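Report on the structure
In case you want the letters, here they are:
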Amino acid sequence: MEKYIAVALGGAVGALCRMALGEWVMTKVGSFPYGTVVVNLIGCLIIGLVLGLYMQKPDLPQWARFFLVVGGLGAFTTFSTFAFEMLQLMMAESYVQALFYGFVQVVGGLILCWFGVVLARMLWAI
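Structure report, in brief. For clarity, every value in this text was computed on a predicted model and none was experimentally measured.

Conventions and cut-offs
- Residues numbered from 1 in each chain as written.
- Predicted model: local features only at pLDDT ≥ 70, side-chain atom pairs only at ≥ 80, totals over all residues.
- Heavy atoms only, no water.
- 1 Å grid on protein atoms, 1.4 Å probe; cavity = no way out; pocket = protein on both sides within 12 Å on 5 of 7 lines; lining within 4 Å.
- Points joined across faces, edges and corners; volume = space filled by probe spheres on them.
- Helix = DSSP H or I, 4+ residues; strand = E, 2+ residues; numbered from the N terminus.
- Nonpolar A, V, L, I, M, F, W, Y, C, P; charged D, E, K, R; others polar.
- Patch = residues over 30% accessible without salt bridge, like charges linked within 9 Å, V, L, I, M, F, W, Y side chains within 5 Å.
- Areas by Shrake-Rupley, 256 points an atom, 1.4 Å probe, with all protein chains shown as cover.
- Salt bridge = Lys/Arg side-chain N within 4 Å of Asp/Glu carboxyl O.
- Buried < 20%, exposed > 50% of the residue type's maximum accessible area, 1.4 Å probe, protein only.
- Core = buried A, V, L, I, M, F, W, Y, C linked by side-chain atoms within 4.5 Å.
- Contact = heavy atoms within 4.5 Å.

1. Section: the layout of surface pockets
Size it by volume and the largest pocket reaches roughly 210 Å³. Taken together, 13 residues form the lining of the largest pocket, with Asn40, Cys44, Thr77, Phe79 and Gln105 sitting closest to its centre. Going through the elements one at a time, α2 (34-56), α3 (62-76), α4 (79-91) and α5 (95-124) are the ones with two or more residues in the lining of the largest pocket. Examining the composition of the lining of the largest pocket, we find that 4 residues originate from one element, α2, more than from any other. Considering only residue class, the lining of the largest pocket consists of 7 nonpolar, 6 polar and no charged. Taken as a whole, the second largest pocket spans an internal volume of roughly 160 Å³. Around the second largest pocket sit Gly10, Val13, Gly14, Cys17, Ile46, Val50, Phe67, Leu68, Gly72, Leu73 and Phe76, which together line it. Those elements giving two or more residues to the lining of the second largest pocket turn out to be α1 (2-28), α2 and α3.

2. Topic: a nonpolar patch on the surface
Taken together, the side chains of Phe103, Val106, Val107, Leu110, Ile111, Trp114 and Phe115 present a nonpolar region at the surface, about 730 Å² in accessible area. Within the secondary structure, Val107 is located in helix α5. Since its relative accessible area comes to 31%, Val107 is described here as partly exposed.

3. Here we look at the nonpolar core
Membership of the largest hydrophobic core is limited to 8 residues, which are Phe32, Val37, Leu41, Phe82, Leu89, Ala98, Tyr101 and Val104. Mapped by element, the contributors of at least two residues to this core are α2, α4 and α5. For this core, the element with the most residues is α5, which contributes 3 residues. Discounting residues that sit within four places of it in the chain, Val104 has contacts with Val37, Leu41 and Gly109.

Right, here's the structure in full:
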């Protein structure tokens, strides 16, 4: 039961953070879906960092992993929004923007996730 509570609480925190950060980013930039880009890239960095930490220290509490990764990051990041926004760009025949958007999300996400794992190894290998 503990893990379900951790997921639910983490999901609530992650969803609120996603909404707040996404809206804040959109007030600072134009109509391109930067809010989703920023949220997803930050989420990739955080998941790399958190799971990299668990790779180094597997004895850490599992409820924290459920709270942070399954609940928090599960609600914070979203592939469905990414897919819909990319489809909107394609339907508007903004193919270059759509390609750029997809490239930044996928390649940038992979790079930041990798960087998070490397950072976790460096920080907790000390």
